[in-house]
Amino acid sequence: MTGATRATPSGPERIEGRAKVTGTAPYAFEHPATNPLYLHPLRATIARGRVTRIDTDAAERVDGVHTVLTHRNADALNPIGDPELAVLQSDGIDYRGQLIGAVVAETPEIAAHAAGLVDVRYERLPHDSEFRDDAAIVYTPDADASPMLSPDLERGDVDAALAEAAHTVDATYTTPPEHHNPIEPHAVIATWDENGLTLHDSNQGSHLVRDLLAALVGLDKQRVSVIAPHVGGAFGSKGMPHGHVALTVLAARRTAGRPVKCALSRTQMFELVGYRPPTRQRVRLGADPEGRLTATEHDSLEQTSRFKQYAEQSASASREMYASPNRRVTNRLAALDVPAPTWMRAPGEAAGMYALETAVDELAVRSGIDPIELRVRNEPEVAPVSGLPFSSRNLVACLRQGAERFGWHERDPRAGTRREGDWLVGTGVAAASFPSLFFPGSLATVRHESAGKYRVEIGAVDIGTGSRTALTQLAAEALEVPFEDVELRLGSTEQPHASLAGGSTGTASWGSTVVAAARSFRTEHGDDPAEGAETTAGAADNPDIGKYAMHAYGAQFAEVRVDADTGEVRVPRMLGVFAAGRIVNPRTAHSQFLGGMTMGLSMALHEHSVVDERFGHVVNHDLAGYHIAGNADVGSIEVSWIDEHDPHVNSVGAKGIGEVGIVGTAAAIGNAAYHATGVRVRDLPLTPDKFLH
């Protein structure tokens, strides 16, 4: 494959590409709405306590204000187990920025002005928003309470193995909170009428939103429609509906059929739509004289919220990565008076693999073994914890191919020895892994329109990854018709049920569903179907689930330059080589890998939400203070992948690519920065001051 600075890979162009670049693809807030009203949320200005008085008289007297909602007049909502959606149900305050009301008015400007006139008084209670390892706030989550959690792991005698090891690493790595900033802010339009509730919502799963909101407001889910044909980025933040959606639904219930529009500002998103939690991870590694691991310990502490638990178990990255006979993996949470974290691209793996892959690099330095060779020596024959065979594992091939393409063998292993003018220059490597998941339950409908044209419908959401194009390809392939003879419709609950767009499962889950429906259509209607012939079907259960360990893998390489006088960090060159099963569309896959690596670069150098612990809020809560990588920060990024056939992961053979691209990137950059300077920075981001000590 080719890099960012070369020709674009082959594959059909995005079906919706022209509509997006010409501005005609409607996002959630842009859908036509007749005579809409606009909602401006009211948010708590204390971190913990309760509202004792909320005076809305002045706001209600403003011309153009339709209604002001508070906990005093909001309709009751059904408890569904998600406190984030239980908005305006009490006077309690659990974190700064919590929704405590809304002004609904004829224009956004009137709503914002009136919101500033609402007088709120509080009873303040002591709060705690300092992330730290303190027995008063730290606990181990109950793995039995959620299928997404794994119990802590203990195999062998880690302490004894470390005591006897020829080479050891014992270091603590930290990652800061990182906040979601997709290009399309979170937005929703809610309309109640005689048919029920309609939402135009920016989300990652319209059917999931429908099911949750229907239960929340007590409607049959058939009377709730959720529409999301285009979503401008999500990265996990739109995986579950947040409080602003419930607030807008409550407001729309009072507007006699008029739509209510709500678009969160960047600042509001820092408090209302989740974030990647900060972590403090201690990694201890022990190895024999040849560099083979004899002990692996990974303990991770993550932040969660007192009012809603979220655990992504970043230490779990060390469960299945390398062979090690003695292993201890523990995940703990620090519960604070803060907003709830949520999924963010490669949750768990992005932070966890940063710590593990940095520690592995430190072990390579201490043992005098090349970092690639060290990883190869610790390649497991079977999955270390489960003992299952790998469906396919081409990590070594990624490392070898990447080393050849990157010019790794020309590298002087000594740190701090290469200088070009004012710049100290180094190179680094890290491995990447992300589980290959499959979400069951999706359905697709295939219909013959006329003259060999087919319509395929599935309620999946394309969050900007190119799913619309890849699914059209798979449908055309299974139907054995040209690509242009298939029209794919997605994004709405009016279409058959589809799983969430998350965990890099889209092409695997929906693609298998579309292929199964297309094949069922041919079986039922033959090669010459009647006009209007139609079949709805889903993918069969995968008999290999539980029989194989299924992961995507990658090798990340980076060149880093650090100014010897100022500590400024530049990354002029990166390379990623991946093994991710079948690549359905090289063009869109290339973009996904580039995007993941760019996000990893941003994680390494820039992203850091700064919390003022006195008040419990993020200080740099906009794009002026929260820096993300821009064009000037990104040098050459090359992407390649192994031609990998994996018949076990799913019927399409795709492993998923949206997440693995970010995993390992930050560690590769950090390892390269050490090689350039001889300074080991273990705390992200890699800011200049950390290299000047």
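Residues numbered from 1 in each chain as written. Predicted model: local features only at pLDDT ≥ 70, side-chain atom pairs only at ≥ 80, totals over all residues. Heavy atoms only, no water.

### Here's the deal with the overall build of the chain
Here is step 1: Along the chain, the regular secondary structure elements total 14 helices and 29 strands.
Here is step 2: The C-alpha radius of gyration of the chain comes to 26 Å, within 12% of the 26 Å expected for a compact globule of 693 residues.
Here is step 3: Projected onto its principal axes, the C-alpha coordinates of the chain cover approximately 75 × 70 × 50 Å.
Here is step 4: When the 693 residues of the chain are sorted by exposure, 61% land in the buried category.
Here is step 5: In the chain, of all internal contacts separated by at least 6 residues, the share reaching a separation of at least 24 is 81%.
Here is step 6: Of the roughly 26,000 Å² that the chain leaves accessible, carbon and sulfur atoms contribute 48%.
Here is step 7: Mean positive and mean negative side-chain charge positions of the chain (64 and 89 charges, respectively) differ by 2 Å. (Helix = DSSP H or I, 4+ residues; strand = E, 2+ residues; numbered from the N terminus. Rg over C-alpha atoms; globule rule 2.2 N^0.38 Å. Buried < 20%, exposed > 50% of the residue type's maximum accessible area, 1.4 Å probe, protein only. Contact = heavy atoms within 4.5 Å. Areas by Shrake-Rupley, 256 points an atom, 1.4 Å probe, with all protein chains shown as cover. Lys, Arg positive; Asp, Glu negative; His and termini not counted. Charge placed at Lys NZ, Arg CZ, Asp CG, Glu CD.)

### Considerations on the environment of asparagine 326
Here is step 1: Secondary-structure assignment places asparagine 326 in strand E18 (residues 326–336).
Here is step 2: In sequence terms asparagine 326 and glycine 97 are 229 residues apart; their C-alpha atoms lie 45 Å from each other.
Here is step 3: Every residue in contact with asparagine 326, bar those within four places of it in the chain, is listed here: Arg155, Gly156, Asp157, Val158, Ala161, Thr294, Ala295 and Thr296.
Here is step 4: A polar contact is formed between the side chain of asparagine 326 and the backbone oxygen of threonine 294, at a distance of 2.8 Å. (Polar contact = N/O pair within 3.5 Å; in protein donor to acceptor, adjacent residues only side chain to side chain.)

### Quick notes on the nonpolar core
Here is step 1: Counting 83 residues, the largest nonpolar core has Phe557, Phe593 and Ile669 as its most contacted members.
Here is step 2: Leu77, Leu212, Leu213 and Ala246 belong to the second-largest nonpolar core, a separate cluster that totals 41 residues. (Core = buried A, V, L, I, M, F, W, Y, C linked by side-chain atoms within 4.5 Å.)

### As for the sheet that holds strand E3 (residues 65–70)
Here is step 1: Spatial ordering of the open sheet is given by E3-E5-E1-E14-E11-E12-E13, a layout of 7 strands whose pairing is mixed. The open sheet terminates on both sides in strands that have one partner only, identified here as E3 and strand E13 (224–227). Looking at each pair of strands side by side, their axes are set apart by 20° on average, direction ignored.
Here is step 2: Bridging between strand E12 (residues 196–201) and E13 involves 4 bridges; their strand directions are parallel. The partner of leucine 199 across the bridge, within E13, is valine 226.
Here is step 3: Against the sheet, helix H3 (residues 108–115) engages strand E1 (37–43), E3 and strand E5 (99–105), with an angle of about 25° to E1. (Pairing = 2+ DSSP bridges. Axes fitted to C-alpha atoms, helices over the stretch in contact; angles between N-to-C directions.)

### A few points about the side chain of glutamate 559
Here is step 1: Within the fold, glutamate 559 resides in strand E25 (residues 551–563).
Here is step 2: Looking at glutamate 559, its side chain comes within polar contact range of the side chain of arginine 561, at 3.1 Å.
Here is step 3: Once you skip the residues sitting within four places of it in the chain, glutamate 559 turns out to touch Phe406, Val425, Gly426, Thr427, Arg570, Val571, Pro572 and Arg573.

### Overview of the pairing of strand E22 (residues 453–457)
Here is step 1: Of all 5 residues in E22, 4 are buried, a share of seventy percent or more.
Here is step 2: Here strand E21 (residues 444–450) pairs with E22 via 5 bridges, running antiparallel. When the sheet's bridge partners are listed, histidine 448 is paired in E22 with tyrosine 454.
Here is step 3: A crossover connection joins E22 to the parallel strand E23 (residues 486–489) through helix H11 (residues 467–479); in handedness this β-α-β unit is right-handed. (Right-handed = clockwise from strand over helix to strand, strands pointing away.)

### Quick notes on the environment of phenylalanine 593
Here is step 1: Inspection of the secondary structure assignment puts phenylalanine 593 in helix H13 (residues 586–605).
Here is step 2: In this structure phenylalanine 593 comes out as buried when scored by relative accessible area, which is 0%.
Here is step 3: The contacts of phenylalanine 593, once residues within four sequence positions are left out, are Phe578, Ala580, Ile583, Val639, Trp641, Ile657, Val660 and Gly661.

### Things to note about the packing of aromatic side chains
Here is step 1: Going through the model one piece at a time under the given rule, you end up with 9 aromatic pairs.
Here is step 2: With 5.5 Å between their ring centres and 35° between their planes, phenylalanine 406 and phenylalanine 557 make a pair best called tilted. With phenylalanine 406 in helix H10 (residues 395–406) and phenylalanine 557 in strand E25, this pair connects stretches of sequence that are 151 residues apart.
Here is step 3: Given the relative accessible area of 1%, phenylalanine 557 is considered buried.
Here is step 4: Judged by centre distance (5.8 Å) and plane angle (75°), the rings of tryptophan 408 and phenylalanine 557 are edge-to-face. (Phe/Tyr/Trp six-rings, centres within 6.5 Å; stacked < 30°, edge-to-face > 60°.)

### Focus: the packing of H13 against helix H14 (residues 665–677)
Here is step 1: Across the interface, H13 lies against H14 with an axial gap of 8 Å and an inter-helix angle of 50°. The pairing of H13 with H14 is recorded here as oblique in orientation. Crossing geometry of H13 relative to H14 is assigned as right-handed. For the pair H13 and H14, contact is made by Met597, Gly600, Leu601, Met603, Ala604 and Leu605 and by Thr665, Ala666 and Ile669, respectively. (Parallel < 35°, antiparallel > 145°, perpendicular 65-115°, else oblique. Left-handed = near helix turned anticlockwise from the far one by under 90°.)

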